[in-house]
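Examination of the molecular architecture
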Amino acid sequence: MTLPLLIAIGGYADVDAVPMQAACDVRFLMSPDEIATLPDSDRAAARAIAYKAHAPLNGAAMDLLPELGIISNYGVGYDAIDVDAAQARGIRVTNTPGVLNDDVADIAATMLIAQCRQMVPASDWVRTGTWASEGAMPLARKASGGKVGIVGLGRIGREIADRLAAFKMEIHYHSRSAKDVPAGWTYHADALALAEAVDFLVVALVGGPETQGYVSAEMIAALGADGIIVNISRGSTIDEEAMILALQTGALRGAALDVFMGEPDIDPRFLALDNALLLPHIGSATTETRAAMGALQRQNIAAFLAGDPLLTPVV
Ligand code: 8YV
């Protein structure tokens, strides 16, 4: 029996590659640009893409694959995929929601505490011998009891809020509409009003054109010189230029960032900022969660190939 042809784009390790190869005839590529280098016969036969890259996947790439029926994304955020172009061509798109909420929320909450309490500089204080030579570190900023504003109270935003509530923080949030939340949480219809009301902002928006620069220079100014920003969403959701300037000038106390514009080639000015905690997009990066994401990606492809309803369709 001929196996269906699957194009797997991005860095797939054996944990995902082996089960993919059991179900499909797989061509492994690193970026969508390489689709054009496949033999004509492969491009004509390809039924599915398993997508794990962050480079744009646009209509021109889809047009190289006349039998393509599904793009199954490895990740909840699918801003790299031109969903309108896929829909116009009758190509389904799926993502991996739900399975990564806890990991991303764990990272967001701990980034905020770590940034307030200066955990990375404190570790360096010990390792470099500064503790022994100079004594105690400068005092940090209290986290518990602070006012936190969650920008985007979707599935991940809600998990972050629940965790920070356990740190006795006062929860404020902004989203398109008010949500069913515990008593005492405050909804702000206006994002700027949220920034004015809180000490910390945690950004949990979806990426894409609608949220480009959503956390504006004005919001950063409103957060104030003692404010801290955490971002686990996409680099594009914050006006990065304004944030860097605010961090450089002390107009913002600190930032804890797991995502950046142009990652992994991030703006080099970040590297010189000792008030920024920088992580290499590890929100969902645990063995357990990545296994669940890979499984859900493959289940969507299998459902499509079997003609069954997709598990987690975007379109
Ligand atoms: C990435 C993510 O998918 O789910 C998302 O939206 O950003 C991550 O989990 C991960 O970097 C794998 O590409």
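Residues numbered from 1 in each chain as written. Predicted model: local features only at pLDDT ≥ 70, side-chain atom pairs only at ≥ 80, totals over all residues. Heavy atoms only, no water.

1. Observations concerning the sheet that holds strand β4 (residues 70–73)
- Pairing is parallel across the open sheet formed by 5 strands, whose spatial order is β2-β1-β3-β4-β5. Strands with a single pairing partner mark the edges of an open sheet, and in this sheet they are β2 (25–29) and β5 (92–94). Recorded for the sheet is a direction-independent mean angle of 20° between the axes of neighbouring strands.
- With 3 bridges joining them, β4 and β5 adopt parallel strand pairing. In the strand pairing of β5, Ser72 is matched with Thr94.
- Of the strands in this sheet, β1 (5–9), β2 and β3 (46–51) are in contact with helix α1 (residues 14–23), which crosses β2 at around 145°. (Pairing = 2+ DSSP bridges. Helix = DSSP H or I, 4+ residues; strand = E, 2+ residues; numbered from the N terminus. Axes fitted to C-alpha atoms, helices over the stretch in contact; angles between N-to-C directions. Contact = heavy atoms within 4.5 Å.)

2. Regarding empty space enclosed by the protein
- All chains considered together, the criterion is met by 1 cavity of 30 Å³ or more.
- Put simply, the largest cavity is a space of about 30 Å³.
- Every residue lining the largest cavity is listed: Asn231, Gly235, Ile238, Glu240, Met243, Leu257, Val259 and Phe260.
- Among the residues making up the lining of the largest cavity, the classes are represented as 5 nonpolar, 2 polar and 1 charged. (1 Å grid on protein atoms, 1.4 Å probe; cavity = no way out; pocket = protein on both sides within 12 Å on 5 of 7 lines; lining within 4 Å. Points joined across faces, edges and corners; volume = space filled by probe spheres on them. Nonpolar A, V, L, I, M, F, W, Y, C, P; charged D, E, K, R; others polar.)

3. Some points on the pairing of β1
- When you tally the buried positions in β1, you get 5 out of 5 residues, the bulk of the element.
- Residues Leu5, Ile7 and Ile9 line one face of β1 and the alternating positions Leu6 and Ala8 line the opposite face, and both faces are buried.
- When β1 meets β2, the two strands line up parallel, connected through 5 bridges. The residue bridging Leu6 from the neighbouring strand is Val26, located in β2. (Buried < 20%, exposed > 50% of the residue type's maximum accessible area, 1.4 Å probe, protein only.)

4. Focus on the pairing of strand β7 (residues 170–174)
- Within β7, 4 of the 5 residues are buried, which leaves it mostly tucked inside the rest of the structure.
- Pairing geometry for strand β6 (residues 147–151) and β7, over 5 bridges, is parallel. Bridge pairing in β7 links Lys147 to Glu170.
- On the question of chirality, the crossover connecting β6 to the parallel β7 by way of helix α8 (residues 155–165) is right-handed. (Right-handed = clockwise from strand over helix to strand, strands pointing away.)

Everything listed is a geometric property; what it means functionally is a separate question.
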